[in-house]
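# Coordinate inspection notes
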Amino acid sequence: QKHLKLSFVSLLFCLHLQTLQCYGACVEVDSDTEAVVHEGFKLGCIFCKMRGEVQAMASVEWYFMAADETEYSLLYTYEDKAGNIMDPRFDFRLAWNGSKDTIDLQDGSIYILNVTYNDTGTYRCVFQRTLLYSNYRCQTNNSKTVQLHVVSKLTRGMASILSEIMMYVSIIGLQFWLVVEMIYCYRKIAAAGEEALRESKPK
C-alpha cells in the first residue's frame, strides 16, 4: 500500500508538471507590417513569460508616431481587462485583440478597423508585467516596435509567410511533446504500481 500511495503521488506530481508546461506554451511572433487601406489590421505584440507557473499581472500601452511626426503619442492602454483609446484619430477604430478574461497578459495585440493611409507610421507596444512570487514582486518592462505601411493591395512577403508557418509548427510540436510526456509518465507509474502489487502478494 505504501508503494501504491507513492505511485499515486508521483502520478499527480507528473500531471501537475505537464499542466504547468502546457500553460507556459507561448510563441512570440513578430507583427505583420503591411496593411491594406479600408480593411482591418492586427498589430501584434506578444511577450511570453519565462516561467508559466508564476502568477503575474500586466498592462499594455501602445504609442503611435505618424510618418510626418517626430514624437510618439499615447494611442491605447489596456489594464484590468479594460481598454481605452487615447488618440482621437483612432476613435471607434481600435479594439483589443490580445489575451482575454485575464490580468496575466501575454498577448497585447490590438486591431485597427478601417485602416487609412494616415495610419502609416511607427507603433510602439510597451508591456509592464509584475511577477507575483510568494514573498516578493518583480517588475519587468518590454517593448516592441512595428513599422506599418498602408498599401492599396497586399503584397505579402516570404518572411511573413515563413514566420506564420513556424508559429504553427512550434505549437503542434509542443502539443505532441506534451502527449508523449504524459504517455511516458502514465506507463512509468503503471509499471511501478504493478511491481508494488507483486511485492505485496504473500509468498
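Remember, predicted model here, so these are calculated numbers, not experimental data.

Taken in spatial order, the 6 strands line up as β1-β9-β8-β3-β4-β5 in an open sheet, and their pairing is mixed. In this open sheet, the two edge strands, each paired with only one partner strand, are β1 (34-36) and β5 (82-85). Strand after strand, the sheet turns through a mean of 25° between neighbouring axes, direction not considered.

Turning to the UniProt feature "transmembrane region" (unreviewed entry) in the chain, a few remarks are in order. Under the UniProt annotation, the feature "transmembrane region" (unreviewed entry) is placed at residues 165-186. Within residues 165-186, the helical portion is 100% and the strand portion 0%, while the C-alpha atoms at the span's ends are 32 Å from each other.

Before going further, it helps to examine the pattern of salt bridges. For the coordinates displayed, the defined rule picks out 4 salt bridges. Two residues, aspartate 104 and lysine 49, come together in a salt bridge whose shortest N-O distance is 2.7 Å. With aspartate 104 in the loop between β6 (94-96) and β7 (110-112) and lysine 49 in the loop between β2 (41-43) and β3 (56-66), the pair connects residues that are 55 residues apart, well separated along the chain. A residue is classified by how much of its surface remains accessible, and aspartate 104, at 7% relative accessible area, is buried. Given a relative accessible area of 7%, lysine 49 falls into the buried group. Across the salt bridge formed by arginine 93 and aspartate 119, the nearest N and O atoms sit 2.9 Å from each other. Of this pair, arginine 93 sits in the loop between β5 and β6 while aspartate 119 sits in the loop between β7 and β8 (121-132), and the two are 26 residues apart along the sequence. Of the two residues, arginine 93 and aspartate 119, neither departs from the other in class, the shared state being buried.

On to the packing of aromatic side chains, then. In this structure the tally under the stated criterion is 7 aromatic pairs. Consider the rings of phenylalanine 47 and phenylalanine 127, whose centres lie 5.4 Å apart with planes at 75°: the pair is edge-to-face. Note that phenylalanine 47 is positioned in the loop between β2 and β3 and phenylalanine 127 in strand β8, a separation of 80 residues in sequence. Exposure remark for phenylalanine 127: the relative accessible area of 1% places this residue in the buried category.

The next subject is the nonpolar core. By size, the foremost hydrophobic cluster in this structure holds 27 residues, and its most contacted members are Trp62, Leu75 and Tyr123. Residue assignment for this core shows that the elements contributing at least two residues are β2, β3, β4 (73-79), β6, β7, β8 and β9 (137-151). Per-element tally for this core: the top contributor is β3, with 5 residues. What leucine 75 contacts, discounting residues up to four positions off in sequence, is Trp62, Tyr63, Phe64, Asn84, Ile85, Met86, Asp87, Phe90, Leu94, Ile110 and Tyr123.

Criteria and cut-off values
Residues numbered from 1 in each chain as written. Predicted model: local features only at pLDDT ≥ 70, side-chain atom pairs only at ≥ 80, totals over all residues. Heavy atoms only, no water. Pairing = 2+ DSSP bridges. Helix = DSSP H or I, 4+ residues; strand = E, 2+ residues; numbered from the N terminus. Axes fitted to C-alpha atoms, helices over the stretch in contact; angles between N-to-C directions. UniProt positions renumbered as here; feature names shortened; annotations may be inferred. Salt bridge = Lys/Arg side-chain N within 4 Å of Asp/Glu carboxyl O. Buried < 20%, exposed > 50% of the residue type's maximum accessible area, 1.4 Å probe, protein only. Phe/Tyr/Trp six-rings, centres within 6.5 Å; stacked < 30°, edge-to-face > 60°. Core = buried A, V, L, I, M, F, W, Y, C linked by side-chain atoms within 4.5 Å. Contact = heavy atoms within 4.5 Å.

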